[in-house]
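Residue strings, one per chain:
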Amino acid sequence: MSLIRLFEVLLAAAMPVVALAVSARLLLSAGRAVARRRASMALIALLGMAGMLLAMAAVLGPAFLHGLGRGGPEGWQALLLLTGPAMIVFGSGLALWRLAQALDRRGEPRD
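Here the structure is a predicted model, which is why all the values come from computation and not from measurement.

Thresholds, definitions, all that
- Residues numbered from 1 in each chain as written.
- Predicted model: local features only at pLDDT ≥ 70, side-chain atom pairs only at ≥ 80, totals over all residues.
- Heavy atoms only, no water.
- Helix = DSSP H or I, 4+ residues; strand = E, 2+ residues; numbered from the N terminus.
- Expected span 1.5 Å × (residues − 1).
- Phe/Tyr/Trp six-rings, centres within 6.5 Å; stacked < 30°, edge-to-face > 60°.
- Lys NZ or Arg CZ within 6 Å of the ring centre and 35° of its normal.
- Salt bridge = Lys/Arg side-chain N within 4 Å of Asp/Glu carboxyl O.
- Buried < 20%, exposed > 50% of the residue type's maximum accessible area, 1.4 Å probe, protein only.
- pLDDT = per-residue confidence, 0-100.
- Core = buried A, V, L, I, M, F, W, Y, C linked by side-chain atoms within 4.5 Å.
- Contact = heavy atoms within 4.5 Å.
- Polar contact = N/O pair within 3.5 Å; in protein donor to acceptor, adjacent residues only side chain to side chain.

1. A word on unusual backbone geometry
In this model, Arg37 sits at a positive phi of 60°, which is unusual for a non-glycine residue. Within the element layout of this structure, Arg37 appears in the loop between α1 (3-35) and α2 (39-68).

Okay, here's the thing in structure tokens:
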């Protein structure tokens, strides 16, 4: 296995992991909002979770159909084809993680 192919596989495997971790964090934030009786914050967290999973499906579906699957482009072309969707998934994951943190801070009781 070449080094480029290894980077390809690691990048393709990291995207679903990021999406699932962010979705779990948003689900935890929604649970905390429900426990504090903040329905609007819980709804925002659940919509963020749905958006992350939808972005994951929308971004990776065409990438794999275009040629990252079996018999597609090889070498640098495939790696470059995967970097665009990776930036979208990682960027939206970071933004939604920060949203979950903000929702948790906003719902905390003040001393």
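2. Here we look at α1
Its 33 residues place the ends of α1 48 Å apart at the C-alpha level, agreeing with the 48 Å of an ideal helix rising 1.5 Å per residue. Positive phi shows up at Arg37, right after α1, with a value of about 60°.

3. Let's talk about the packing of aromatic side chains
For the structure shown, the criterion picks out zero aromatic pairs. Directly above the ring of Trp97 sits Arg25, whose terminal nitrogen or CZ lies 5.5 Å from the centroid.

4. Comments concerning the pattern of salt bridges
Scanning the entire structure with this criterion turns up two salt bridges. The salt bridge partner of Arg32 is Asp104, with a shortest N-O separation of 3.0 Å. Here Asp104 lies in helix α3 (residues 76-107) and Arg32 lies in helix α1, a separation of 72 residues in the sequence. Among the residues examined, Arg32 registers a relative accessible area of 35% and is labelled partly exposed. A relative accessible area of 7% places Asp104 in the buried class.

5. Some words on the environment of Gly61
Summarising the element assignment, Gly61 is placed in helix α2. When the C-alpha atoms of Gly61 and Pro85 are compared, they prove to be 9.8 Å apart, with 24 residues separating the residues in sequence.

6. Digging into the confidence of the model for the protein chain
Close inspection of predicted coordinates is inappropriate for parts of the model with low pLDDT. Considering every residue of the protein chain, the mean pLDDT works out to 84; 85% of them sit at 70 or more. Least confident of the elements in the protein chain is α2, whose mean pLDDT is 83; most confident is α1, at 89.

7. Looking at the nonpolar core
In this structure, Met15, Leu26, Met52, Met56, Leu82 and Val89 are the most contacted members of the largest nonpolar core, which totals 22 residues. When contributions to this core are tallied by element, the ones reaching two or more residues are α1, α2 and α3. Contact partners of Met15, with chain neighbours within four places excluded, come to Met56, Leu60, Leu82, Pro85, Ala86, Val89 and Phe90.

8. Overview of the side chain of Asp104
A distance of 2.7 Å separates the side chain of Asp104 from the side chain of Arg25, its partner in a polar contact. Among the polar contacts made by the side chain of Asp104, one reaches the side chain of Ser29 at a distance of 3.1 Å.

9. Re the environment of Glu8
Position of Glu8 relative to the elements: it lies in helix α1. Since its relative accessible area comes to 6%, Glu8 is described here as buried. Separated by 74 residues in sequence, Glu8 and Leu82 have C-alpha atoms that sit 7.3 Å apart.

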